[in-house]
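Results of the structural survey
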Amino acid sequence: MGSVIGYPSPAVPNINEHRNPFRVSLEESSWVGSIITLGALFGGLIGGSYMDRLGRKLSSIAINFPLSIGWLIIVAAPNVAWLYVGRTVTGVCVGIISCIIPVYIAEIAPPAIRGILGTCHQLFICLGILFTYAFGSFLPWTWLAISCSVVCNLFSICMSLMPESPRWLYGQGRKEEAECALKWFHGDKADVTNELRELEENFKVSAEKASFREFLQPVLYKPLLISLGLMVFQQFSGINVVMFYTVSIFQMAGSSMDANVQTIVVGVVGVIGTLVSIVVIDLAGRRVLLLASGFLMGLSMAGMGAFFYELAFNPVYAKESLTWLPITCLVIFNFGFDVAYGPIPWLMMGELFPARAKGVASSTATAFNWFCAFILTKFFVNLTESVGVYGAYWLMAGFCFVSLVFVSLVVPETKGKTLEDIERSFN
């Protein structure tokens, strides 16, 4: 997933800098970056029913076949149109994966470490992004795509060694397999009687799939609105603009440091931020981290706006005295994002919804996330033409600061609670 998100940042400049059968214009580059979000939107819509039918494990393994096909289409692309096709295919797969993995983690993790394991999902996204930044600094865009395809297949191999979600198995009536899966996670000699009893009680009240009418009840519409709100603030913070256009941002800034090197630094900081989140998320809780994350992101986006304002109206001063500001702001932004707004919206998507609604609700939240991502990444260039680059960054800073109010008033704390406790809190 991270490799798909990070790929355009080094690949598009590489296509234009070397002898290739085609070039990518500014408008086309916005589509190369944003078109995966349209694919992911579609993937998110079908991801819920897909994982409910095949199971969390098998569906996450199977999706890597079309994902590899998408990467190979990018490798063989003779023109921009085929590049779009490859990016769309990989985007559909990313949408499905982003729906499955948070649910799988939430269903297998005990409450005490659910935050840690949920944040590991974001850690591997950051590692995937860093992988494309680092290897894209010296590999041609075709070989970078091949490398990303290899990584996808390694994921399938690793996932094949994991058991299926006990909750999904129990919901399918495969109670003995569910018990075996629980013992795999807890140890062969562990007593999983209490866990099986909780599953039985949970499925007594949620044996049927949630109907549309049930989404008008607080137990479903409240968590859905909270999840959708978190997805809005995650995307309109500007994260995918930063990920898709990092190299281009540093090239525009005119720093003396190589743009690829600065991009790698930003990627490394993202990994560090996620590692910090892993350590503190089940100690500090979700809300505290979201508030700290929103403040840091807002501050850094405001700083980016200030730099590009000076670059537009006082370019000599900006290039002589402020070239340190973009990398400083993006380092702070990436750190702040990966501490909370990277992992927590996905983690809470897996936590908030009851079992009977997980497929539909997770699909809705995932698709909405990628819809927001498309709106911002596709029209970011148009936005900068309308209000200036500085205005676009100040707008994203505004969303970050508004998120502080949303988290303070609306988002519940789920630290240390079982999924059953969380469900009961909305009744």
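Above: the structure in question.
The following paragraphs examine the structure supplied in this document. (Residues numbered from 1 in each chain as written. Predicted model: local features only at pLDDT ≥ 70, side-chain atom pairs only at ≥ 80, totals over all residues. Heavy atoms only, no water.)

**So, empty space enclosed by the protein**
Per the stated rule, a full pass over the model turns up 4 cavities of 30 Å³ or more. There is about 170 Å³ of room inside the largest cavity. Lining the largest cavity we find 18 residues, and of these I5, Q122, I125, I239 and F337 sit closest to its centre. When residues of the lining of the largest cavity are traced back to their parent elements, those giving at least two are α7 (114-136), α12 (218-236), α13 (239-253), α17 (324-341) and α19 (358-409). When residues of the lining of the largest cavity are assigned to their parent elements, the largest contribution, 4 residues, is made by α7. The calculated volume of the second largest cavity comes to roughly 70 Å³. Lining the second largest cavity are 12 residues, with F353, P354, A355, K358 and L419 positioned closest to its centre. (1 Å grid on protein atoms, 1.4 Å probe; cavity = no way out; pocket = protein on both sides within 12 Å on 5 of 7 lines; lining within 4 Å. Points joined across faces, edges and corners; volume = space filled by probe spheres on them. Helix = DSSP H or I, 4+ residues; strand = E, 2+ residues; numbered from the N terminus.)

**As for the state of the cysteines**
For the structure shown, the criterion picks out 0 disulfides. Free of any disulfide, C372 has its nearest cysteine sulfur in C400, 14 Å distant. Given a relative accessible area of 4%, C372 falls into the buried group. (Disulfide = S-S within 2.5 Å. Buried < 20%, exposed > 50% of the residue type's maximum accessible area, 1.4 Å probe, protein only.)

**Some words on the nonpolar core**
Formed by 108 residues in total, the largest nonpolar core has its most connected members in W71, M301 and W370. Tallying contributions element by element places α19 first for this core, with 16 residues. Counting residues in each nonpolar core, the second largest holds 9 residues, with L169, A181, L182 and L199 among its members. (Core = buried A, V, L, I, M, F, W, Y, C linked by side-chain atoms within 4.5 Å.)

**What to know about the layout of surface pockets**
Approximately 970 Å³ is the volume attributed to the largest pocket. If you go around the largest pocket, you meet 30 residues; those closest to its centre are I101, C120, H121, F124 and F155. Only α1 (2-6), α5 (64-76), α6 (80-108), α7, α8 (141-160) and α10 (175-186) provide two or more residues apiece to the lining of the largest pocket.

**Side note on the packing of aromatic side chains**
Evaluated as defined, the whole model comprises 19 aromatic pairs. Taken together, the aromatic side chains of F307, F308, F380 and Y393 make up a single cluster linked through ring pairs. (Phe/Tyr/Trp six-rings, centres within 6.5 Å; stacked < 30°, edge-to-face > 60°.)

**Focus: the pattern of salt bridges**
Here the structure, examined in full by the defined rule, presents 8 salt bridges. Of the charged contacts in the structure, one is a salt bridge between E177 and R174, with a shortest N-O distance of 2.9 Å. A residue is classified by how much of its surface remains accessible, and R174, at 32% relative accessible area, is partly exposed. Residue K183 is joined to E179 by a salt bridge in which the shortest nitrogen-to-oxygen separation is 3.7 Å. Taken as a pair, K183 and E179 lie in helix α10 at a separation of 4 residues, close to a single helical turn. Assessed through its relative accessible area of 27%, K183 is described here as partly exposed. By relative accessible area, which is 30% here, E179 ends up partly exposed. (Salt bridge = Lys/Arg side-chain N within 4 Å of Asp/Glu carboxyl O.)

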